[in-house]
Amino acid sequence: MGTNPPVDDWATDYDIFDEDYVKDPFPVWDELREKCPIAHTERWGGSWLPTRYEDLQALVRMVPELSSRNVLVVSQKREDREFDPVLAEYGNSAPPITSDPPDHVPMRRMLLPLFSPKATEAHRPFTEALCHELIDGFIEKGTCDAALDYAVHIPAKTIAKVIGVDVERTDEFVSWIRGLLEEGNTDLEKRNKYNGILRQFFGELVDARKAAPRDDLISHLLAQEVNGQPVARNAVIGMCNLLLVAGIDTTWSSLGSALLHFATHPEHRRRMATEPDLFPSAIEEMLRVYAPVTMAREVTEEVKVGDVTFQPGDKVLLNFPAANHDPAAFEDADKVILDRKKNRHIAFGVGSHRCAGSNLARMEMDVALRVWFERIPEFQLTDPDAVTWVGGQVRGPRHLPFKF
Ligand code: HEM
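Bear in mind that the values here come from a model prediction, so they are computed numbers and not experimental data.

With that settled, the discussion passes to the overall build of the protein chain. When its secondary structure is counted, the protein chain shows 18 helices and 14 strands. A compact globule built from 404 residues would reach a C-alpha radius of gyration of about 22 Å, and the protein chain, at 21 Å, matches this within 12%. C-alpha atoms of the protein chain, sized along the principal axes, occupy 60 × 55 × 40 Å. Scored against the burial criterion, the 404 residues of the protein chain give a buried share of 43%. Excluding contacts between residues fewer than 6 apart, the proportion of contacts in the protein chain whose partners are at least 24 apart in sequence is 70%.

Listed below in C-alpha cells is the structure:
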C-alpha cells in the first residue's frame, strides 16, 4: 500500500497513520479547521478529511450520496481484492453499520432493544464484579498496564456476555479484532484473514443456534423478520461480527484515554477520587476530548460541500474526533472541563447511524472508572515514553504502564 514519507502539507497530503499525528492530532485539526476545513490526501487509497462540527453534521445527513457500504478508513480497491473463500461464503457486510436505506432501519431496529438503557443496566453487576476481579489481580503489585491488564477486558468480556459467546475466550477475540482493526488497518491481507476468522466463528455459532435455539442474542436475531421474511443468515453473522468488533476496540480506547488523562492530570484525578457526582459529566468530557472513532463513507453521486466537490468513488472520513474540538461548537474547546454543562459531542457519531451501543459503552466506562477510583485513587505513569497508541479507524492507547 505504499511507504510513509513525512507530511509537508497536511491540507493536501495528510497521513492518518503518521506516528506523531496518532499520538497528538489536535494541533493538525486546529490548523486545518482554520485553513482548509476539508483536507485531502492521496495516501492510503485517497480520502477527504473534514474537521468542522457543522460539516460533520451536514455530511452524515447526505444519504444516499454518501454511502455506508464501505465504512473503513482504508479500503482495498474492489479489483485488487484477492479471492477469499471465507468471504465468498459469508460476505463482507456488517449490518446495520454497512447498510444504506432502505435496509438500514429494519436492521438497526433489531439491535436497539438489546442495547436500551434497561437492557444495558442488567449487565452492570457483571461488569462491576469483573472490574473488582481485574484489580484484585494486580493491586498488591502496585503496578499494572492499565490498557492490557484492565481497560481491554471490560468491554471484551461484557460484550462477549451480551452476545452469549464464551467469556473465557476474550483474549482470542481481542487478538482477532486487533488483527482486523489495528494491523489490518493498513495490511489488507491481515484484515481479510481476521475478518475470515471472525465470520467463520460466528457462522458456526449461527448454524448451531439455528439447529438448537437458546435464550440468547443470536437466537433472538435469528427469530426476527425483515419485510416479512426471516432475516438472512449472513446478516446475522455480520451483525454479530459488528457487535464484537464495535464493542471492544472503541470502549477500550475511550477508557484507556480517560485513565491516561487522570494519570497525567493530578487535579482532575483528585476531583474524580473525591467527587462521585462528577462522573456523568466527566465521562462525557472524556468521550468528547478523546473520541476514538473515525468512520468513512463512499461517495455515490457528485456532491459539493463548501469549497470542495466529492466525486463518485471518493472516500470521506467522518472525523467525529476533530469536530468535538471545534471552537465554533464548544466553548473553550481545547480545555478539559470535567463539569462541562453543554456538551453535544459526537463521539458516538450523529444521524441515522449513531452508535447503537452508546448505553453499553457509557455503563462500562462509568463502572470501570468508579471501581478504579474507589480502589486506586492515586496513580501515575511509570514511564510516559512507554505509552503506545494506535490510530486510523479507532484511536487509543495500547500500553499504559501505571504505578500506584
Ligand atoms: C466509547 C465507545 C464507542 C464509541 C466512541 C462508538 C462510536 C460509534 C460511532 C462513531 C458510530 C457511527 C458509525 C457511522 O456513522 O458510520 C457507531 C455505530 C455503532 N456502534 Fe458504536 N461506539 C462505541 C461503543 C459501542 C459498543 C459498546 C457497541 C456495542 C455493541 C457499539 C455498537 C455500534 C453499532 C451496532 C453501530 C452501528 C449503528 C448503525 O449503523 O445504525 N458501539 N459507534
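Alright, that's what it looks like, and here's the rest.
A separate point is the pairing of strand β1 (residues 38-41). Where β1 and strand β2 (residues 47-50) come together, four bridges link them in antiparallel fashion. Counterpart to His40 in the pairing with β2 is Trp48.

For the rest of this paragraph, the subject is the environment of Arg61. With respect to the secondary-structure elements, Arg61 resides in the loop between α4 (53-59) and β3 (66-67). Taking the C-alpha atoms as reference points, Arg61 and His353, separated by 292 residues in sequence, lie 9.9 Å from one another.

This part covers the sheet that holds strand β11 (residues 380-381). Taken in spatial order, the three strands of this open sheet run β4-β14-β11, and their pairing is antiparallel. Looking at the sheet topology across the chains shown, the edges are occupied by β4 (143-145) and β11. Both β4 and strand β14 (residues 401-403) contribute to a ladder of three bridges, which runs antiparallel. Looking at the pairing, Asp145 lines up with Pro401 of β14.

Let us now look at the site of the ligand. Within the structure, the ligand sits among 29 residues, and Thr250, Gly349, His353, Cys355 and Gly357 are positioned closest to it. Only α6 (104-111), α10 (153-163), α14 (233-264) and α18 (358-375) provide two or more residues apiece to the shell around the ligand. Top contributing element to the shell around the ligand by residue count: α14, with seven residues. Considering only residue class, the shell around the ligand consists of 20 nonpolar, eight polar and one charged.

The next subject is α14. Three- or four-residue spacings in an α-helix give side chains the same orientation, since the helix completes a turn every 3.6 residues. Under the 1.5 Å per step criterion, the end-to-end length of α14 is 47 Å for 32 residues, consistent within 8% with the ideal 46 Å. Counted residue by residue, α14 has 28 buried out of 32 residues, so it is predominantly covered.

Mapped onto the elements of the fold, Ser281 is located in helix α16 (residues 279-289). Since 15 C-beta atoms lie within 10 Å of it, Ser281 is described here as partly exposed. Residues Ser281 and Lys341 lie 60 residues apart in sequence; the distance between their C-alpha atoms is 7.5 Å.

Looking now at helix α12 (residues 188-211). Helix length check: α12 (24 residues) gives 34 Å between terminal C-alpha atoms against 34 Å at 1.5 Å per residue, within 8%. Among the residues making up α12, those that are buried are Leu188, Arg191, Tyr194, Asn195, Gly196, Leu198, Arg199, Phe202, Val206 and Arg209.

The next thing to look at is the nonpolar core. Membership of the largest hydrophobic core comes to 104 residues, with the highest contact counts inside it found for Ala151, Ile163, Cys240, Leu244, Leu259 and Ala368. At 18 residues, the largest contribution of residues to this core is made by α14. Filtering out sequence-adjacent residues up to four positions away, Ala368 remains in contact with Cys131, Ile154 and Leu255.

Moving on to unusual backbone geometry. Of the consecutive residues Val63 and Pro64, the connecting peptide bond is found in the cis state with omega at 15°. The omega torsion across Pro95 and Pro96 is 5°, close enough to zero to call that bond cis. Take Pro96: it is sitting in the loop between α5 (85-90) and α6. Positive phi, normally seen in glycine, also occurs at Trp44, with a value near 50°. Tracing the chain through its elements places Trp44 in the loop between β1 and β2. The backbone of Asn227 shows a phi angle near 50°, a positive value even though the residue is not glycine. In this structure, Asn227 sits in the loop between β5 (225-226) and β6 (229-230). Of the residues examined, Asn227 has 8 C-beta atoms within 10 Å and is grouped as exposed.

Turning our eyes to something else, we now look at the packing of helix α8 (residues 124-136) against α10. Close contact between α8 and α10 brings their axes to 10 Å; oriented N to C, the two are set at 145°. Considering the relative orientation of α8 and α10, their crossing is right-handed. Counting all contacts with α8, which are made through Phe126, Thr127, Leu130, Cys131 and Leu134, the residues of α10 involved are His153, Ile154, Lys157, Thr158 and Lys161.

Assignment of secondary structure puts Ala94 in the loop between α5 and α6. For the pair Ala94 and Ile237, spaced 143 residues apart in sequence, the C-alpha to C-alpha distance is 7.9 Å.

What counts and what doesn't
- Residues numbered from 1 in each chain as written.
- Predicted model: local features only at pLDDT ≥ 70, side-chain atom pairs only at ≥ 80, totals over all residues.
- Helix = DSSP H or I, 4+ residues; strand = E, 2+ residues; numbered from the N terminus.
- Rg over C-alpha atoms; globule rule 2.2 N^0.38 Å.
- Buried ≥ 20, exposed ≤ 12 C-beta atoms within 10 Å, placed from the backbone.
- Contact = placed C-beta atoms within 7 Å.
- Pairing = 2+ DSSP bridges.
- Near = placed C-beta within 6 Å.
- Nonpolar A, V, L, I, M, F, W, Y, C, P; charged D, E, K, R; others polar.
- Expected span 1.5 Å × (residues − 1).
- Core = buried A, V, L, I, M, F, W, Y, C linked by C-beta atoms within 7 Å.
- Axes fitted to C-alpha atoms, helices over the stretch in contact; angles between N-to-C directions.
- Left-handed = near helix turned anticlockwise from the far one by under 90°.

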